[in-house]
Amino acid sequence: MEILIQPDARTAARLTAHIVARALGARPTLVLGLATGRTMIPVYAEWVRLHREKGLDFSQCTTFNLDEFIGLHPDHPGSFHAYMREHLFSKVNLDPRRIHLPDGMAPDLEAECAAYERAIREAGGIDIQLLGIGRDGHIGFNEPLSALLSRTRQKALTLQTLQDNVDPFGRLDAMPRRAITMGVGTILEARRCLVLVTGEDKAEILARAVEGPITAMVTASALQWHPRCTVVVDQEAATRLQGRSYYEWLYRHEPEWLPYHAEFPPADPVPSDAPNL
Ligand code: F6R
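Residues numbered from 1 in each chain as written. Predicted model: local features only at pLDDT ≥ 70, side-chain atom pairs only at ≥ 80, totals over all residues. Heavy atoms only, no water.

*Asks:* Tell me about the packing of aromatic side chains, residues and numbers included.
*Replies:* The full count for this structure, using the stated rule, is 11 aromatic pairs. Plain terms: the ring middles of Phe64 and Tyr116 are 5.7 Å apart, the flat faces sit at 80 degrees to each other, and that makes the pair edge-to-face. One end of the pair, Phe64, is in strand 3 (residues 62–65); the other, Tyr116, is in helix 4 (residues 109–122), with 52 residues separating them in the sequence. With relative accessibility at 0%, the residue Phe64 sits in the buried group. With centroids separated by 6.0 Å and ring planes inclined at 55 degrees, the aromatic side chains of Tyr246 and Tyr247 adopt a geometry described as tilted. A relative accessible area of 10% means that Tyr247 is categorised as buried. Among the aromatic residues, those joined into a ring-pair cluster are Tyr44, Trp47, Phe58 and Tyr83. The ring of Tyr260 has Arg22 sitting right over it, with the charged end atom 4.7 Å from the ring centre. (Phe/Tyr/Trp six-rings, centres within 6.5 Å; stacked < 30°, edge-to-face > 60°. Helix = DSSP H or I, 4+ residues; strand = E, 2+ residues; numbered from the N terminus. Buried < 20%, exposed > 50% of the residue type's maximum accessible area, 1.4 Å probe, protein only. Lys NZ or Arg CZ within 6 Å of the ring centre and 35° of its normal.)

Set out below in structure tokens:
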């Protein structure tokens, strides 16, 4: 795992967008795992800008979203189908036949989950999985105590998650209580995981996820097992990280990140009295 600390949420989102854009430029048939949530909105805005201004081409790309509420019509404004249409699908040249989200209205939800897993496999697996972290430490909708080897399945949501997603529904009792989500095991099979975490309210859970023990209570902590996981954060989310100065050092010196420095400069050299690992 590596952690890239950026000065603010917008820059962290733009760097995340550019990491994927560069991979897509190198391999236009990329299979992308997508996430929803407030954190991702500026990532999609940057892809839309790169598409319009720089010709970033999504036409051969395949996408799989992490999750969808159960029992919600894709046209409902609170659905992740609607979110994705609003922020990305209606604004770039993705081929609708290559876009996948779980169908929360499927008559047989178990069969839908199995079919989703199959579709991912048939697409050759996910090349880059984009992830946010919930305030209860979830990735996808893998709530606390989710099995760390779980596959796509139905999952009841925590009250915290319902509260965090209530906006488009207006009130809690109008919200679905359950969702279909890729499992932690499904996510860990992506060839690369790219996590974006911003804002002060994520500082505590981020530190538990990346520096704490691996535990089903914080499913994001399972990403510590992943051989290629990059976590992009802003300064506010980074405040509780013990290894901050080390992470900044790595971003400055690892060759992989050098091509990004012109647009996303590393922080000033770490002062000699800065806390280290
Ligand atoms: C969304 C998803 C969730 C969110 C997480 C953070 O598809 O899978 O794990 O990434 O809940 O949401 P925000 O960004 O709204 O804080």
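Once the structure has been displayed, the description carries forward.
*Asks:* Report on the site of the ligand, specifying residues and quantitative values.
*Replies:* Neighbouring the ligand are 13 residues; Thr36, Thr39, Asp67, His138 and Gly140 lie closest to it. Here an oxygen atom of the ligand sits 2.9 Å away from a polar atom, N or O, in the main chain of Arg38. A distance of 2.7 Å separates an oxygen atom of the ligand from a polar atom in the side chain of Asp67. Compared with its free state, where it exposes 420 Å², the ligand has 92% of that area covered by protein. Residue composition of the shell around the ligand, grouped by class: 3 nonpolar, 7 polar and 3 charged. (Near = heavy atom within 4 Å. Polar contact = N/O pair within 3.5 Å; in protein donor to acceptor, adjacent residues only side chain to side chain. Areas by Shrake-Rupley, 256 points an atom, 1.4 Å probe, with all protein chains shown as cover. Nonpolar A, V, L, I, M, F, W, Y, C, P; charged D, E, K, R; others polar.)

*Asks:* So, the nonpolar core: which residues are in play, and what are the values?
*Replies:* Side chains of nonpolar character tend, in soluble globular proteins, to be buried together. Residues Tyr44, Trp47 and Leu88 are the most contacted members of the largest nonpolar core, which totals 86 residues. Take this core: its biggest share by element is 9 residues, from helix 1 (residues 9–26). Here Trp47 is in contact with Ala17, Val20, Leu32, Leu34, Leu56, Phe58, Leu88, Val92 and Leu130, once residues within four sequence places are set aside. Membership of the second largest hydrophobic core comes to 5 residues, among which are Ile70, Ala106, Leu109 and Ile180. (Core = buried A, V, L, I, M, F, W, Y, C linked by side-chain atoms within 4.5 Å. Contact = heavy atoms within 4.5 Å.)

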